[in-house]
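As a plain string of letters, each chain reads:
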Amino acid sequence: MNANRFTNRSELIGILVLAAFLVVILPLCLDVFRLNLVAKYLTYAFVALGLVICWGYGGILSLGQGVFFGLGGYCMAMFLKLEASSVENTKIQSTPGIPDFMDWNQITALPFFWKPFHSLTFTIAAVILVPGIFALIIGAAMFKRRVGGTYFAIITQAVAAILTILIVGQQGYTGGINGMTDLRTLKGWDIRPDHAKIVLYFFEVGCLFICIFIAQFIRHSKLGRILVAMRDQEDRVRFSGYSVANFKIFAFCVAAILSAIGGAMFALQVGFMSPSFVGIVPSIEMVIYTAVGGRLSILGAVYGTLLVNFAKTSLSESFPELWLFGLGGLFIAVVLAFPNGLAGIWQDHVQPRIDRLISSRKPKAESAWTDNSVADGAPAE
Amino acid sequence: MFGEYSIGDLGSIFVMQGFAGLILFSVYVLMALGLAIIFGQMGVINMAHGEFMILGAYVTWMTSNLFQSYLPSLFSGYFFLAMMLAFLASGALGMLVEWVLIRHLYKRPLDTLLATWGLSLMLQQAYRSVFGAREVGVELPQWMLGSLKVTDSIEVPINGVFVMALTVLITCAVAYVMYKSRWGRQVRAVVQNRIMAGAVGINTAKVDRYTYALGCGIAGVAGSAFTMIGSTGPTSGQLYIVDTFLVVVFGGAASLLGTIASAFSISQTQSTLEFFMSGSMAKVLTLLAVVGILMLRPQGLFALKVRK
Amino acid sequence: MLIGHQPKPFLLAVEGLTVSFDGFKAVNDLSFYVEENEIRVIIGPNGAGKTTVLDLICGKTRATSGKIEFRGKELTKLKENQIVKAGVGRKFQTPSIYDDLTVFENLEISFPRGRTVFGALTFTRDATVRDRVHEVAEMIFLKDRLDMSAALLSHGQKQWLEIGMLLIQDPDLLMLDEPVAGMSVSERAKTAELLNRIIKDRSVLVIEHDMKFVEDIAHKVTVLHQGQILSEGTMEKVKNDPKVIEVYLGH
């Protein structure tokens, strides 16, 4: 029994390795363009992290995480867009001071729901609260009525479809299919030049580690164990006096908020937000990041996201027609052969060898048995 | 929004929109039938269903081209052969997929969803490589063009009537197979108690394979019908998959009647709304209504109350 | 809540309970009463509605009509977790334990503290929890398996673990659905011993087919047939009831 509430020793080493990789190695090895690319990938890692809690532990597969990524991203983008649409920047428009796409769509005044986004404090609150409350509503409606599993997955997918159609259709208010482009400054600080990209990268990595610690805290709390328990024996948990629905709602909301933080980071890093990150296709791609990393592994989610996105960028640059085959094959391979993803492979094949290597040097080393906790757990079959 | 139309106009609008809705209804029903068999009977979420449909559409397109080039005299009848070929092609692919992929995942329904999504991506890319990224349209034989004039202000296209007749026929055939034939009884036995069905001598693996193949085959026929009302591209199928799933879930997964009723109500709502607002808002409202109702009544429109 | 002439209040009063599944009445106008510290066994042929009765009491199935009163609370209106909080514990027919967790963690989850979302987040494994888990583990013969993954336990051990999970919950009414089914002879004897120890200071409702076992523990037996009570009383009385003999031996 490990008394430490956040992490045990081998996990701490894992976190330090990841920190060294993201904070030291990557910034030293990559130019600003590539580093910005990594930053873009890492925004999806927030989503993947949320899916580990919601899907990996809780067994709730959401195929609509793009919705929350999008809500977070759009909240942030609305703030940045308003700042970029100051009266002097937009004086050539027929109505100066409103975002350009509104002007193009013959809208002459800022809609009421845009107005609060002049405030950064409100925006940050909205990034967390809007997706959180939306997830709460969906989750409460579904889980209180015992809708779960495949039904839940389909409903979340429908929600993703609805939101995409809505964003594309209401282009006067949302920028339509092109999204919100040409985001420039954050409180007067230009987010476009190279040095800003580097600062934003480190800021993002910092946020990511905060989220990793939150995820670790949840996983090592009793709540984490209840999620795992619920995944297999929902009734037993219910008849042990827990409100299963509330725990599911919590996991879903945490996943939604993490996704939204990722989305907000995306708007900052990449300088635009569009409906192509909201819909069904991106949402299900986000699931594959988690699946590749290992649905039960918090750190695996980060590695999985980076790996799939690197593969996507390099493959779709050089062999665009191969990429869909590759991605499709990846879905199938992960599900059929490696249900626990990279983390599972590490756990089953690499870790034992390292342990053997260490124990052959230090014969009195602790037995590997002390580590058989949930997350490193048995295959889901 | 009704202000600018007279009562008579409104009547005609509803009838015409209603009929347009019926064609959408036909495609929904055909797609949903296959999906309902696979999901309702086997619990497998087949995200590649749209791609099976598109395979049928491509087969139909190829058959029509073949007839045009080599058998122009028989062109007017090509559709019937195309439909059969579409059924066989999609069914055969379904059987292969079941053997390679699905049978390993029966205990993990959420994983079938991911795996079949992967399959759908690969199929899309395969279509793009083989048939090109451009959408292809099928040339209809002469007798299917034109429309029937019912009254002065109401006319209905012949191909629409044909697709509907086809839908009714296929639905009846499926209902017969599932509820009256010996094989349908076996399928339902496997659904209700897999172990027991195996113990009384039903080859459950074979039943699974043929059920999956049947569902995919019907999707192929849906693809054939689809060529009459839209053009076919590598990703056309994906556009329908979520709608169709909602149709199945909304109807109550295991109920054939429910599937038809829900396809009817969803398609009629959408096409009636489409007249009064943009297509995208009509779709948003329809989907919202469906999701809203599903939140209030998650078991769908038709479901039995049983001890679980 | 007193029922007129009864000097002692009932712990559980089931009155006019009916549930129908699409017209089929699995339980039909059923009434029975369980006293404090009573051990009641429900027997009956397959399909008599035994498990459904337990489902109805613990809220897994909703009654079509009728009342279930427990300590003055109307259970039919409560949610499952509220019923547990009221003091009803339920063991399922097949062992329902958490395979992915250790035996310790299995028991810990049932410890009645930190049952809300926030409570579970801030729950700490203090000395009280640890002592209680060890105490229960000793009772259910799993003391030296606390750190083992529950998936590795034998069938009998899994049944004990689930009983232990109920024990740590400390319910006033314990409902057991075929606790010795599928156990070996020695496991059966050990389970009987275990049950005899844990049924002190609480009421127990047991479904069981093993007549020897029933005779050992029952204060009173209720025989269900087609969703209705066929006979009720001591084992001796029930055994000699011609209606019971007819149902059990008649076909």
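Residues numbered from 1 in each chain as written. Chains lettered and ligands numbered in written order. Predicted model: local features only at pLDDT ≥ 70, side-chain atom pairs only at ≥ 80, totals over all residues.

Colleague: It is not clear to me how the overall build of chain B should be interpreted in this structure. Could you clarify?
Modeller: Along chain B, the regular secondary structure elements total 11 helices and 2 strands. The order of helices and strands in chain B, counted from the N terminus, is α-α-α-α-β-β-α-α-α-α-α-α-α. Computed over the C-alpha atoms, the radius of gyration of chain B is 20 Å, within 12% of the 19 Å expected from 2.2 N^0.38 for a compact globule of 308 residues. Counting only C-alpha atoms and orienting by the principal axes, one finds that chain B spans roughly 65 × 55 × 35 Å. Looking at chain B as a whole, 48% of its 308 residues are labelled buried. Put simply, 76% of the contacts in chain B that link residues at least 6 apart link residues at least 24 apart. (Helix = DSSP H or I, 4+ residues; strand = E, 2+ residues; numbered from the N terminus. Rg over C-alpha atoms; globule rule 2.2 N^0.38 Å. Buried ≥ 20, exposed ≤ 12 C-beta atoms within 10 Å, placed from the backbone. Contact = placed C-beta atoms within 7 Å.)

Colleague: Would you mind going over the overall build of chain A with me for this structure?
Modeller: When helices and strands are tallied, chain A shows 15 helices and 2 strands. In terms of C-alpha radius of gyration, chain A reaches 22 Å, essentially the compact-globule figure of 21 Å for 381 residues. With respect to the three principal axes, the spread of C-alpha positions in chain A is 75 × 50 × 45 Å. Within the span of chain A, comprising 381 residues, buried residues form 50% of the whole. Taking the intrachain contacts of chain A between residues at least 6 apart in sequence as the baseline, contacts between residues at least 24 apart amount to 79%.

Colleague: So what exactly am I meant to see when it comes to the packing of helix H14 (residues 320–336) of chain A against helix H4 (residues 109–131) of chain B here?
Modeller: Each pair of packed helices can be described by the angle between their axes along with the distance between the axes. Where H14 of chain A meets H4 of chain B, the axes come as close as 8 Å, and the angle between the chain directions of the two elements is 160°. As far as their axial angle goes, H4 of chain B and H14 of chain A are roughly antiparallel. With respect to the hand of their crossing, H14 of chain A and H4 of chain B are arranged in left-handed fashion. Of the residues in H4 of chain B, those in contact with Glu321, Leu324, Phe325, Leu327, Gly328, Gly329, Leu330, Phe331, Ile332, Val335 and Leu336 of chain A of H14 of chain A are Asp111, Leu114, Ala115, Trp117, Gly118, Leu119, Leu121, Met122, Gln124, Gln125 and Ser129 of chain B. Of the residues assigned to the contact of H14 of chain A with H4 of chain B, the class counts are 14 nonpolar, 6 polar and 2 charged. (Axes fitted to C-alpha atoms, helices over the stretch in contact; angles between N-to-C directions. Parallel < 35°, antiparallel > 145°, perpendicular 65-115°, else oblique. Left-handed = near helix turned anticlockwise from the far one by under 90°. Nonpolar A, V, L, I, M, F, W, Y, C, P; charged D, E, K, R; others polar.)

Colleague: What should I look at first to understand the UniProt feature "transmembrane region" (unreviewed entry) in chain A in this one?
Modeller: All names here are of chain A. In the UniProt entry, the feature "transmembrane region" (unreviewed entry) is given for residues 12–30, 42–64, 120–143, 150–173, 198–218, 239–266, 286–310 and 322–346. As annotated, residues 286–310 comprises 84% helix and 0% strand, and the C-alpha atoms at either end are separated by 14 Å. Along residues 322–346 the backbone is 84% helical and 0% strand, and the end-to-end C-alpha distance reaches 27 Å. (UniProt positions renumbered as here; feature names shortened; annotations may be inferred.)

Colleague: Got a minute to help me understand the interface of chain B and chain A in this structure?
Modeller: Often, the extent of an interface is quoted as the loss of accessible area on bringing the components together. Counting from both sides, the interface comprises 33 residues of chain B and, opposite them, 35 residues of chain A. Going through the elements one at a time, H4, helix H9 (238–251) and helix H11 (279–296) of chain B are the ones with two or more residues in the side of chain B that touches chain A. When residues of the side of chain B that touches chain A are assigned to their parent elements, the largest contribution, 14 residues, is made by H4 of chain B.

Colleague: Please clarify how the sheet that holds strand S9 (residues 220–225) of chain C should be interpreted in this entry.
Modeller: What links the strands of a sheet is backbone hydrogen bonding, and the strands pair in either a parallel or an antiparallel sense. Residues and elements named next belong to chain C. The strand order across the open sheet formed by 6 strands is S6-S7-S8-S3-S9-S10, and the pairing between neighbours is mixed. Edge strands, defined here as strands with exactly one partner in the open sheet, are strand S6 (88–91) and strand S10 (228–233). Pairwise comparison of adjacent strand axes, ignoring direction, gives a mean angle of 15° for this sheet. Against the sheet, helix H6 (residues 155–169) engages S6 and strand S7 (173–177), with an angle of about 175° to S6. (Pairing = 2+ DSSP bridges.)

Colleague: When you look at the pairing of S10 of chain C in this model, what are you seeing that I'm missing?
Modeller: In summary, the side chains of a regular strand alternate between the two faces of the sheet. All names here are of chain C. Examined bridge by bridge, S9 and S10 share 5 bridges and lie antiparallel to one another. Paired with Val223 across the bridge in S10 is Ser231. Linkage of S9 to S10, two consecutive antiparallel strands, is achieved through a turn of 2 residues, within which Gln226 is found at a positive phi near 50°.

Colleague: Any chance you could explain the sheet that holds strand S2 (residues 24–35) of chain C here in plain terms?
Modeller: All names here are of chain C. One open sheet accounts for 4 strands, arranged S2-S1-S4-S5; its pairing is antiparallel. Both outer strands of the open sheet, S2 and strand S5 (73–74), are each paired with one neighbouring strand and no more. Taken together, the 5 bridges between strand S1 (residues 10–21) and strand S4 (residues 65–70) define a ladder with antiparallel strand orientation. Residue Leu12 lies in a different strand from S4, and its bridge partner there is Phe70.

Colleague: Teacher, can you tell me more about helix H3 (residues 65–84) of chain A here?
Modeller: One turn of the α-helix equals 3.6 residues, which is why residues spaced by three or four share an orientation. A rise of 1.5 Å per residue sets the reference length of H3 of chain A, with its 20 residues, at 28 Å; its end C-alpha atoms lie 28 Å apart and thus fit the reference within 8%. Most of H3 of chain A sits out of view: 18 of its 20 residues are buried. (Expected span 1.5 Å × (residues − 1).)

Colleague: Even after reading the chapter, I still don't get the confidence of the model for chain B, so can you show me in this structure?
Modeller: Fine structural detail should not be taken from predicted coordinates in areas where pLDDT scores are low. All names here are of chain B. The pLDDT averaged across chain B works out to 82; a share of 92% of its residues lies at or above 70. Ranking the elements of chain B by mean pLDDT puts strand S1 (residues 147–149) last with 71 and helix H3 (residues 78–100) first with 91. Low pLDDT (under 50) marks residues 304–308, which in the prediction has 8 contacts with non-local residues, meaning those over four places away or in another chain. Here the prediction assigns the complex a pTM of 0.88, and the interface score ipTM is 0.86. (pLDDT = per-residue confidence, 0-100.)

Colleague: Whenever I open this one, the pairing of strand S8 (residues 203–207) of chain C confuses me. Can you help?
Modeller: Residues and elements named next belong to chain C. By the criterion of burial, S8 is predominantly enclosed, with 5 of the 5 residues buried. Residues Ser203, Leu205 and Ile207 point to one face of S8 and Val204 and Val206 to the other, with burial holding for every one of them. With 4 bridges joining them, strand S3 (residues 39–43) and S8 adopt parallel strand pairing. Each residue of the ladder has a partner; that of Ile42, found in S8, is Ile207. Where S7 and S8 come together, 5 bridges link them in parallel fashion. When the sheet's bridge partners are listed, Leu176 is paired in S8 with Val206.

Colleague: Got a minute to help me understand H14 of chain A in this structure?
Modeller: Taking 1.5 Å as the rise per residue, H14 of chain A with 17 residues should run 24 Å; its terminal C-alpha atoms sit 25 Å apart, in good agreement. All of the buried residues along H14 of chain A are Leu324, Leu327, Gly328, Leu330, Phe331, Val334 and Val335 of chain A. Along H14 of chain A, the residues classed as buried sweep out an arc of 145° about the axis, all on the same side. Of the surrounding elements, those touching the buried residues of H14 of chain A are helix H12 (280–293) and helix H15 (341–361) of chain A together with H4 of chain B. (Arc of directions from axis to C-beta.)

Colleague: In this structure, what is going on with the UniProt feature "transmembrane region" (unreviewed entry) in chain B? I would like to understand it.
Modeller: Residue and element names in this part refer to chain B. When the UniProt feature table is mapped to this numbering, "transmembrane region" (unreviewed entry) covers residues 12–40, 52–71, 77–102, 109–127, 158–179, 212–233, 239–263 and 275–296. The span residues 109–127 shows a helical share of 100% and a strand share of 0%, and its end C-alpha atoms are spaced 27 Å apart. Between the end C-alpha atoms of residues 158–179 the distance is 32 Å, and the span holds 100% helix and 0% strand.

Colleague: When you look at the environment of Glu321 of chain A in this model, what are you seeing that I'm missing?
Modeller: Its place among the elements puts Glu321 of chain A in helix H14. Here Glu321 of chain A is in contact with Gln125 and Ser129 of chain B, once residues within four sequence places are set aside.

Colleague: Is there a simple way to think about the packing of helix H5 (residues 127–139) of chain C against H6 of chain C in this case?
Modeller: Residue and element names in this part refer to chain C. For the pair H5 and H6, the least separation of the axes is 10 Å and the interaxial angle reads 135°. By the angle between their directions, the pair H5 and H6 is classed as oblique. In this structure, H5 meets H6 at a crossing whose hand is right-handed. Each of Arg132, Val136, Ala137 and Met139 in H5 lies in contact with H6, whose residues at this interface are Gly164, Leu167 and Ile168. Across the contact of H5 with H6, the residue classes tally to 5 nonpolar, 1 polar and 1 charged.

Colleague: Is there a simple way to explain the environment of Met148 of chain C in this structure?
Modeller: Residue and element names in this part refer to chain C. Along the polypeptide, Met148 turns up in the loop between H5 and H6. Sequence separation between Met148 and Phe104 is 44 residues; the distance between their C-alpha atoms is 8.1 Å. When sequence neighbours within four positions are dropped, the list of residues in contact with Met148 reads Thr102 and Val103.

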